[in-house]
Amino acid sequence: TGELLVGMVVAVPRHPFDADGWVHGHVGLYAGDGVVMDCAGGRVRRVPLELWLSAYGVASEPRWGWLGAISLA
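Owing to the predicted nature of the structure, the values given are computational and were not obtained by experimental measurement.

What counts as what
All chains use their own residue numbering, which begins from 1 and follows the written sequence. Under the rules for a predicted model, residues below a pLDDT of 70 receive no local features and side-chain atom pairs below 80 are neither given nor counted, while totals for whole chains, interfaces and linings still include all residues. Side-chain measures were taken over the full set of non-hydrogen atoms in the model, leaving aside hydrogen atoms and water. The helix count covers DSSP runs of H or I at least four residues long, the strand count covers runs of E at least two residues long, and both are numbered beginning at the N terminus. Taken over C-alpha atoms, the radius of gyration is set against a globule rule of 2.2 Å times the number of residues to the power 0.38. Exposure is judged per residue with a 1.4 Å probe applied to protein chains only, and the accessible area is read against the type maximum: over 50% gives exposed, under 20% gives buried, and values in between give partly exposed. Should any heavy atoms of two residues lie within 4.5 Å, those residues are counted as being in contact. Here, a salt bridge means any side-chain nitrogen of Lys or Arg that lies within 4 Å of a carboxyl oxygen of Asp or Glu. Think of a polar contact as two N or O atoms within 3.5 Å of one another; within protein, one of them needs to be a possible hydrogen donor and the other a possible acceptor, and neighboring residues in sequence only count if both atoms come from side chains. A pair of strands is treated as paired once DSSP finds two or more bridges between them.

Chemist: Before we go on, may I ask you to explain the overall build of the chain in this structure?
Modeler: Counting its secondary structure elements, the chain contains 2 helices and 5 strands. When the helices and strands of the chain are listed from N to C terminus, the series reads β-α-β-β-β-α-β. For the chain, the C-alpha radius of gyration of 12 Å lies close to 11 Å, the compact-globule estimate for 73 residues. Overall size of the chain, expressed as C-alpha extent along the three principal axes, is 35 × 20 × 20 Å. Counting across all 73 residues of the chain, residues that qualify as buried make up 33%. The long-range fraction of contacts in the chain, counting pairs at least 24 apart against all pairs at least 6 apart in sequence, stands at 43%.

Structure representation (structure tokens):
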């Protein structure tokens with residue numbers, strides 16, 4: 001996670017928590033200080049990065065980068 005920068009997308013192509021997650025995956029934004037912001041259960045939340053990676057990374061490897069290679073910094 002050393003190359004993870006504020007504003008980068010953190011994503012998995014699938015996760016096992018519901019049927020849509022298996023098809024569409026899950027996306028969050030890295031907010032810095034070890035925190036990912038995402039939307040789950042209809043609400044925006046702040047989740048520790050390590051918890052996010054361990055929870056959503058069970059079905060596929062989490063990846064991160066700039067959306068469309070465009071830096072948001």
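Chemist: Got a minute to help me understand the pattern of salt bridges in this structure?
Modeler: Any two side chains of opposite charge can pair if their charged atoms end up close together. This model, assessed by the stated rule, comprises 1 salt bridge. A salt bridge links D38 to R45; the nearest nitrogen and oxygen atoms lie 2.6 Å apart.

Chemist: Mind showing me how you'd approach unusual backbone geometry here?
Modeler: Comment: phi is negative for the bulk of residues other than glycine, and the bulk of peptide bonds are trans. Although it is not a glycine, D33 adopts a positive phi angle of roughly 50 degrees. Locating D33 in the fold gives a position in the loop between β2 (26–32) and β3 (35–40).

Chemist: Would you mind showing me how to read the side chain of D38 here?
Modeler: Position of D38 relative to the elements: it lies in strand β3. Within the local environment of D38, its side chain forms a polar contact with the side chain of R45, the two groups lying 2.6 Å apart. Of the polar contacts made by the side chain of D38, one reaches the side chain of W52; its length is 2.9 Å. Residues within four places of D38 in sequence aside, it is in contact with H26, V27, G28, R43, V44, R45, V47, W52 and Y56.

Chemist: What is the right way to look at the pairing of strand β1 (residues 9–12) in this model?
Modeler: Strand direction decides the pairing type here: β1 and β2, joined by 4 bridges, are antiparallel. Each bridged residue has a counterpart across the sheet, and for V12 the counterpart in β2 is H26. Here β1 pairs with strand β5 (residues 63–65) via 3 bridges, running antiparallel. Paired with V10 across the two strands is W64, which belongs to β5.

By themselves these figures say nothing about function.
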